[in-house]
Amino acid sequence: MSPPVAPPGWSRWLVPPAALSVHLSIGQAYAWSVFKPPLESALGLSGTQSALPFQLGIVMLGLSAAFGGTLVERHGPRWAMTVALVCFSSGFLLSALGAAVEQYWLIVLGYGFVGGIGLGIGYISPVSTLIKWFPDRPGMATGIAIMGFGGGALIASPWSAQMLKSFGTDNSGIALAFLVHGLTYAVFMLLGVLLVRVPRPRERADGRPAPLEGVQVSARAAMRTPQFWLLWIVLCMNVTAGIGILEKAAPMIRDFFADTSTPVSTTAAAGFVALLSAANMAGRIGWSSTSDLIGRKNIYRVYLGVGALMYALIALFGDSSKPLFVLCALVVLSFYGGGFSTAPAYLKDLFGTYQVGAIHGRLLTAWSLAGVLGPLIVNWIADHQEEAGRHGSALYGTSFLIMIGLLVVGFAANELIRPVHARHHEPATTVPAQHAQKEGNDVSRQQPESA
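Residue positions are given per chain, counted from 1 along the sequence in the order it is written. Only residues with pLDDT of 70 or above have their local features reported here, since the model is predicted, and side-chain atom pairs are shown and tallied only from 80 upward, although totals for entire chains, interfaces and linings are computed over all residues. As a convention, hydrogens and water are excluded, and side-chain values are obtained from all of the structure's heavy atoms.

Trainee: Account for the pattern of salt bridges, with residues named and values stated.
Mentor: We define a salt bridge as a side-chain nitrogen of Lys or Arg found within 4 Å of a carboxyl oxygen belonging to Asp or Glu. Scanning all chains against the criterion turns up six salt bridges. The shortest N-O distance in the salt bridge between D292 and R296 comes to 2.7 Å. With a closest N to O distance of 2.6 Å, R301 and E415 form a salt bridge. Taken together, the residues span a long stretch of sequence, with R301 in helix 14 (residues 296-317) and E415 in helix 18 (residues 397-416) at a distance of 114 residues. Classification of residues uses two cut-offs on accessible area relative to the type maximum, computed with a 1.4 Å probe and protein chains only: under 20% is buried, over 50% is exposed, and between them is partly exposed. On the basis of relative accessibility, which here comes to 24%, the residue E415 falls in the partly exposed class. Several salt bridges converge on common partners, so that one network encompasses R12, D136 and R137. Numbering of helices and strands runs from the N terminus; a helix is a DSSP stretch of H or I covering at least four residues, while a strand is a stretch of E covering at least two.

Following this line, the structure appears as structure tokens:
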């Protein structure tokens, strides 16, 4: 499947909606918690068991993005979005079958493994295309798309809850809800598949495709640079700190104020989770757009430095002031979202646009580790503190200190990032020119269809 090349006059502003249709769909992953209680009740699962599909999905997201990044670059965004559509929707259909026949392993296989592959390929599918369309504002462009992944749960959570209310929370009701999800997301993601286009390659005076300008580094060469691994550490530390709050947000705010005269109700805790989702989504577009103005290194200084300060304020004064606790948590979650959406632009600055999608896919393995590490730190320490007889905010003091330490490590890694050494650059007249020539050939093949 050759990438469809935009005809003359094609508006680049049609590409972000195509990307958004995919990211809003796969962003449903953040709403998995809606299905946890019904599954636990209908299939007799523990909380740990009911979390397995989500955890496996996040692991597969990172792995499939890493291994599929080169294929995405080679075959283009339409191929990637099609693969994401098939895998993500099939994951729901397999889960529907598993719920109907009460075989939980099918839900884990479907939503976690197959759907997780759709998550990873879908997540990286539009990134390099958006950067090529918006070389002047790469942070804003990728922020628009990745904002959808953060905001998908705002749509999916109430929608899923309403379906379970209508269909029932037994195994057949859950199966029907999964089935509707799979079919609906297939249609919605298809809009992105049909709408996406890649930009026409620039031509030289002699009419041949021009080689890519500036620093260009292949995905294989990028893996050998200290810049890649330093940015890997930066992303891992930032995500670990953010997901540590996000995963346990509702019980955390209730624990912090359980011993006060104004405890937090279950409804208020749910509202707090919704606010965190909104901050996560807003940070993805707001902070990444800001990075176009102040630079990627500076914005990560904010994420990591100010993030450590927010954690310190919560640890020291969070249980004495609800507004302070909520404000600091919202800031941390906005940095969590912003870190994701700024990473592709940071990669573009360091390695160029040649294989930025493949490099981005490899970078997302940091997310796979952080998705396990963050919840593990917070939950394991809280459980042990509770066993020791502690309660309230004391359950989280040690884990917050660890998060501050991780953010400081990330801050130091960001400070060490320098421009990539010339020995890793691709020669301007070899691979990039061949890459441009391939796109030029795609133009000739696709022009009648695109027009």
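Here the narrative resumes.
Trainee: Describe the packing of helix 15 (residues 322-351) against helix 16 (residues 356-363), naming the residues involved and giving the relevant values.
Mentor: Where helix 15 contacts helix 16, the axes come no closer than 10 Å and their chain directions differ by 125°. As the angle between them shows, helix 15 and helix 16 are arranged oblique. Two packed elements cross with a definite hand, and for helix 15 against helix 16 that hand is right-handed. Contacts between helix 15 and helix 16 involve A343, P344, L347, K348 and F351 from the former and V356, I359, H360 and L363 from the latter. Here the residues of the contact of helix 15 with helix 16 sort into seven nonpolar, one polar and one charged. Helix axes use the C-alpha atoms of the stretch in contact, all axes being lines fitted to C-alpha atoms, and the angles between their N-to-C directions lie in the range 0 to 180 degrees. Any angle between 65 and 115 degrees counts as roughly perpendicular, while under 35 counts as roughly parallel, over 145 as roughly antiparallel, and the rest as oblique. Throughout, a crossing is termed right-handed when the near helix is turned clockwise from the far one, and left-handed when it is turned anticlockwise from it by less than a right angle. Residue contacts are counted whenever heavy atoms from the two residues lie within 4.5 Å of one another. In this count, Pro and Cys sit with the nonpolar residues alongside Ala, Val, Leu, Ile, Met, Phe, Trp and Tyr, while Asp, Glu, Lys and Arg are called charged and the others, Gly among them, polar.

Trainee: Would you mind going over a nonpolar patch on the surface in detail, with residue names and values included?
Mentor: In this scheme, patches are assembled from residues that exceed 30% relative accessible area and form no salt bridge. Like charges are connected within 9 Å, while nonpolar side chains (Val, Leu, Ile, Met, Phe, Trp, Tyr) are connected within 5 Å. Working definition of accessibility: Shrake-Rupley area with a 1.4 Å probe, residue cover restricted to the visible protein chains. Nonpolar side chains collect at one region of the surface, where L93, F167, L176, L179 and L183 lie side by side and expose about 390 Å² of accessible area between them. Counting residues per element, the nonpolar patch draws most heavily on helix 9 (residues 171-195), which supplies three residues. Along the chain, the position of F167 falls in helix 8 (residues 138-167).

Trainee: Requested: an account of the side chain of S25, with residues and values cited.
Mentor: Inspection of the secondary structure assignment puts S25 in helix 1 (residues 15-26). On the basis of relative accessible area, S25 is assigned to the buried category, the value being 0%. In protein, a polar contact means a hydrogen-donor-capable atom and an acceptor-capable atom, both N or O and within 3.5 Å, with residues adjacent in sequence counting only if both atoms are side-chain atoms; elsewhere, any N or O pair within 3.5 Å suffices. Here the side chain of S25 touches S21 through a polar contact of 2.8 Å, landing on its backbone oxygen. Among residues more than four places away in sequence, those in contact with S25 are F88, Y185, F188 and M189.

Trainee: Go over the domain arrangement of the protein with me, naming the residues and quoting the values.
Mentor: Residue ranges assigned to each domain were obtained from an automatic or database domain assignment. When the domains of the protein are assigned, the result is domain 1 (10-193) and domain 2 (217-420). Centre-to-centre, using C-alpha coordinates, domain 1 lies 22 Å away from domain 2. Listed per partner, the contact involves 31 residues of domain 1 and 34 residues of domain 2. Buried area counts how much accessible surface, traced with a 1.4 Å probe, disappears from two parts once they are put together, with both parts' losses summed. Taken together, both faces of the contact between domain 1 and domain 2 bury some 2600 Å²; the carbon and sulfur share is 71%. Linking domain 1 with domain 2 are zero salt bridges, by the criterion used here. Our enumeration of links across domain 1 and domain 2 arrives at eleven residue pairs in polar contact (both at pLDDT 80 or more). Sorting the residues of the side of domain 1 that touches domain 2 by element identifies helix 4 (52-75), helix 6 (104-124), helix 7 (127-133) and helix 8 as the ones contributing at least two each. Of the residues forming the side of domain 1 that touches domain 2, the biggest block, twelve residues, is contributed by helix 8. A per-class count over the side of domain 1 that touches domain 2 returns 19 nonpolar, nine polar and three charged.

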